[in-house]
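# Inside the fold
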Amino acid sequence: MPINFKIRIMKRGIFLVGLFLTVVVSCKPQTNEAKDITVENLQVVLENEDNVQLLDVRTPEEWAGGVIKTPIKIDITGEDFEGKVSEKLDKTQPVYIYCRSGGRSKKATELLAKKGYETYNVLGGYLEWTEKNKE
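Cut-offs used in this document
Residues numbered from 1 in each chain as written. Predicted model: local features only at pLDDT ≥ 70, side-chain atom pairs only at ≥ 80, totals over all residues. Heavy atoms only, no water. Helix = DSSP H or I, 4+ residues; strand = E, 2+ residues; numbered from the N terminus. Buried < 20%, exposed > 50% of the residue type's maximum accessible area, 1.4 Å probe, protein only. Salt bridge = Lys/Arg side-chain N within 4 Å of Asp/Glu carboxyl O. Arc of directions from axis to C-beta. Contact = heavy atoms within 4.5 Å. Axes fitted to C-alpha atoms, helices over the stretch in contact; angles between N-to-C directions. Parallel < 35°, antiparallel > 145°, perpendicular 65-115°, else oblique. Left-handed = near helix turned anticlockwise from the far one by under 90°. Nonpolar A, V, L, I, M, F, W, Y, C, P; charged D, E, K, R; others polar. Pairing = 2+ DSSP bridges.

## Notes on the environment of Asn-51
Relative to the helices and strands, Asn-51 is located in the loop between helix 2 (39-48) and strand 2 (53-56). When its relative accessible area of 74% is taken as the criterion, Asn-51 is described as exposed. Put simply, Asn-51 and Gln-93 are 42 residues apart on the chain and 9.3 Å apart in space, counted from C-alpha to C-alpha.

In structure tokens:
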């Protein structure tokens, strides 16, 4: 076999492998990942953006003790959490989620990310917020 012919076959082979890998990678389903945000970064977001979707997933008893700014309140342990989320949240906008200390909000963040929301878990939750924002 002439060398030019072997080179052409190798180039085509490399091209086909590259094309195959490109198709496989581009067809891979994209998944939203839950992200974390500090209370300091949340403060910046709240000060600089309008219509922020801030979701408080604590219980009504906890809400009575105080909230961050004016959140959307949906108790993650309550009935039909996902249905209420669908009614109250805009899937095209980021959602910043907090609870008391970060455990329930982490679960909510991961759940909503799987549903296609862009989510941010507020690290340390309401306790961290009140600690950092004492006057």
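## Concerning the pattern of salt bridges
Once their charged atoms are close, side chains differing in charge can pair, the charge on each being opposite to the other. Per the stated rule, a full pass over the model turns up seven salt bridges. Here Glu-82 and Lys-115 are joined by a salt bridge, their closest N and O atoms 3.0 Å apart. Of this pair, Glu-82 sits in helix 4 (residues 81-88) while Lys-115 sits in the loop between helix 5 (103-114) and strand 5 (119-122), and the two are 33 residues apart along the sequence. Between Glu-128 and Lys-132 there is a salt bridge, and its shortest N-O distance comes to 3.6 Å. Linking Glu-128 with Lys-132, this pair stays in helix 6 (residues 125-132), spanning four residues, or about one helical turn. Residue classification places Glu-128 among the partly exposed residues on the basis of a relative accessible area of 30%. Salt bridges linked by common partners bring Glu-40, Glu-128 and Lys-132 together as one network.

## Some remarks on helix 6
Residues Gly-125, Tyr-126 and Trp-129 constitute the buried set of helix 6. Projection of helix 6 onto a plane perpendicular to its axis shows the buried side chains occupying an angular sector of 110 degrees, all on one side. Against helix 2, strand 4 (95-98) and strand 5 lie the buried residues of helix 6.

## Comments concerning the packing of helix 4 against helix 5
Interaxial distance between helix 4 and helix 5 falls to 12 Å at its minimum, and their mutual angle equals 65 degrees. When the axes of helix 4 and helix 5 are compared, the pair comes out roughly perpendicular. Where helix 4 crosses over helix 5, the two elements pack in a sense that is right-handed. Here helix 4 contributes Phe-81, Glu-82 and Val-85 to the contact with helix 5, which in turn contributes Ala-108, Leu-111 and Leu-112. When grouped by side-chain class, the residues that make up the contact of helix 4 with helix 5 number five nonpolar, no polar and one charged.

## Digging into helix 2
All buried positions along helix 2 are accounted for by Val-39, Leu-42, Gln-43, Val-45 and Leu-46. The buried residues of helix 2 occupy an angular sector of 165 degrees when the element is viewed end-on, so they sit on one face. Away from the buried face of helix 2 by more than 90 degrees, exposed residues Glu-47 and Asn-48 are located. Looking at the packing, one finds that the buried side of helix 2 touches strand 1 (35-37), strand 2, strand 4, strand 5 and helix 6.

## Details of the sheet that holds strand 1
Whether parallel or antiparallel, the strands of a sheet pair through hydrogen bonds between backbone atoms. Strands sit in the order 1-5-4-2-3 across an open sheet of five strands; the sheet is parallel. Of all strands in the sheet, those bounded by a partner on one side alone are strand 1 and strand 3 (72-73). Looking at chain direction, strand 2 and strand 4 are connected through four bridges and run parallel. When the bridges of strand 4 are listed, Gln-53 appears paired with Val-95.

Function cannot be inferred from these measures alone, as they are strictly geometric.
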